[in-house]
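Each chain, written out:
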Amino acid sequence: MRVIAASLLAVSASLTSTLASADAITDAVKNDNRSADAKARDEYRHPQQTLRFFGIEPDMTVVEIWPGGGWYADILAPLLKDDGNYIAAHFFMFDGAPGYYAGSLNGFKEKAKAGGLYEGATITAFHPSKSPDIAPDGSADAVLTFRNVHNWYMGGDKEGVTGSFKSFYKALKPGGILGVVDHELPESAADEAMKSSGYMKKSFVIDAAEAAGFKLVAESDVNANPADNADHAKGVWTLPPSLRLGEEDQAKYLSIGESNRMTLKFIKPE
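Residues numbered from 1 in each chain as written. Predicted model: local features only at pLDDT ≥ 70, side-chain atom pairs only at ≥ 80, totals over all residues. Heavy atoms only, no water.

(A) Representation of the side chain of Ser104 in the model. When you line up the elements, Ser104 lands in helix α6 (residues 100–111). You can call Ser104 buried: its relative accessible area is 16%. Those residues within four positions of Ser104 in sequence are excluded, and the remaining contacts are Gly68, Gly69, His90 and Phe91. (Helix = DSSP H or I, 4+ residues; strand = E, 2+ residues; numbered from the N terminus. Buried < 20%, exposed > 50% of the residue type's maximum accessible area, 1.4 Å probe, protein only. Contact = heavy atoms within 4.5 Å.)

Here you go:
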């Protein structure tokens, strides 16, 4: 009877911990500091389901790569503030950097000041070749990157992607998680489409991560959009929220919604 009771207690404790984590993610997604516009995009980005799929817990050290204006940071920073550690590996400033880098980084730093939504966050800088160190070696429980892999490929080919993943591998603890979301190009499409469309083949991303030492453990269709065929005049930026064609066929692209996305979970082997 004691063995059975102990087992029941262990199961109950595990379930309680899981529910607490789920509730914490829900609370972070629903927090009042997120704008109405940001919350409207939950329909396409599914933050609750995505973070749960990646196994994110409130007591983890989590590095977000290139958080930009902070769409996911608005969720992750409050989620990790009390018991965890949120590290924003933001843009690395260099001569010739894209013009929007400075404004995005400065706005992010404002939110990280005392009393701001990101108070307590650590800000580092990432660039695949110029600034590869995102956190102390072996310190992170998870590294998350949302819709960034195509940028590293467009800027640095396969080496830019594999080099990025090697940086993430270095920062993670053994058993640590790499979570990747990006626009998915059909496997039947020409490889050259990855250079300009903003879409990436899932097989390419998996190969690059495995070349860096990672192991794919799961994939999810939570961010899939079957209505998106990934074949648009202005690439992924034809779709919302960018709508690069302006009024041209806007109703069509709004009806498609945001892009079809792969959602991949890797681990750094023990």
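(B) Representation of the pairing of strand β2 (residues 85–91) in the model. Of all the seven residues making up β2, six are buried; the element is thus mostly covered by neighbouring parts of the structure. Relative to β2, strand β1 (residues 61–65) runs parallel, the two being bridged by five bridges. The residue bridging Val63 from the neighbouring strand is Ile87, located in β2. Once you follow β1 into helix α5 (residues 73–80) and on to β2, the crossover reads as right-handed. Following the backbone out of β2, through α6 and into the adjacent parallel strand β3 (residues 122–126), one traces a crossover that is right-handed. (Pairing = 2+ DSSP bridges. Right-handed = clockwise from strand over helix to strand, strands pointing away.)

(C) Region of interest: the pairing of strand β8 (residues 261–267). Extensive coverage of β8 is indicated by the burial of six of its seven residues. Examined bridge by bridge, strand β5 (residues 172–185) and β8 share seven bridges and lie antiparallel to one another. Along β8, the bridge assignment pairs Val180 with Leu264. Relative to β8, strand β7 (residues 215–220) runs antiparallel, the two being bridged by five bridges. Note on β8: the bridge partner recorded for Ala218 is Lys265.

(D) Fine view of the nonpolar core. Counting 44 residues, the largest nonpolar core has Ile65, Ile134, Phe165 and Phe168 as its most contacted members. Sorting the residues of this core by element identifies β1, β2, β4 (140–146), α7 (149–171), β5, α8 (202–211), α9 (250–256) and β8 as the ones contributing at least two each. At seven residues, α7 tops the list of elements feeding residues into this core. Here Ile134 is in contact with Val63, Ile65, Ile87, Ala89, Thr124, Phe126, Val143, Ser167, Phe168 and Ala171, once residues within four sequence places are set aside. (Core = buried A, V, L, I, M, F, W, Y, C linked by side-chain atoms within 4.5 Å.)

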